[in-house]
Amino acid sequence: MELNSYYQDRGMMKYFGFMLSEHNASMDKETAERYLVILGKDEMDPEQIYDVLDYSIMKHEPVAIQLNIRDVEGNFLPDYEGFVRGYDDLKINIESTLIPISEIRHVELKQVERWFK
């Protein structure tokens, strides 16, 4: 009697139980990011953009900036979020990232949830 006649190997199926939950979660996250569709927000005039930036600097509030740039599939890029450190005629400095003003589509104040009341 041979051992192989009693045992039928399941191939790769026997290793699926070894996948960690963290690995499965990271795979699900990558899949969600891959199929994420970011819609375009309303395009703003330069004066509206400067008004929001000035208010953000005065009140020290974070902003979310959507650029007027699309990826290969036609979706907009994720928003840049952070505090405005300053700006001039050409660029905005947000958390040490320089963003050209000519590329900005929309600027809005980001709602911050305070841990105190």
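See the structure shown above.
The structure presented is a predicted model; accordingly, all values stated were derived computationally and were not measured.

Q: What exactly am I supposed to notice about the sheet that holds strand 3 (residues 84-87) here?
A: With antiparallel pairing, the three strands of this open sheet are ordered in space as 3-4-5. The sheet is open, and its two edges are formed by strand 3 and strand 5 (97-100), each paired on a single side. Between one strand axis and the next, the sheet turns by 25 degrees as a mean value, whatever way the strands run. Pairing between strand 3 and strand 4 (residues 91-94): three bridges, direction antiparallel. The residue bridging Gly86 from the neighbouring strand is Asn93, located in strand 4. Along the sheet face, helix 2 (residues 46-59) touches strand 3 and strand 4 and points at about 130 degrees away from the line of strand 3.

Q: Even after reading the chapter, I still don't get the sheet that holds strand 1 (residues 63-67), so can you show me in this structure?
A: Backbone-to-backbone hydrogen bonds pair the strands of a sheet. The strands run either parallel or antiparallel. The strand order across the open sheet formed by three strands is 2-1-6, and the pairing between neighbours is antiparallel. Looking at the sheet topology across the chains shown, the edges are occupied by strand 2 (80-82) and strand 6 (104-109). On average, each strand axis in the sheet is inclined to that of its neighbour by 15 degrees, with strand direction left out of account. Two elements, strand 1 and strand 2, share three bridges in a ladder whose sense is antiparallel. From the neighbouring strand, Ala64 faces strand 2, where its bridge partner is Glu81. Packing of helix 2 onto the sheet brings it into contact with strand 1 and strand 6, and relative to strand 6 it is tilted by some 35 degrees.

Criteria and cut-off values
Residues numbered from 1 in each chain as written. Predicted model: local features only at pLDDT ≥ 70, side-chain atom pairs only at ≥ 80, totals over all residues. Heavy atoms only, no water. Pairing = 2+ DSSP bridges. Helix = DSSP H or I, 4+ residues; strand = E, 2+ residues; numbered from the N terminus. Axes fitted to C-alpha atoms, helices over the stretch in contact; angles between N-to-C directions. Contact = heavy atoms within 4.5 Å.

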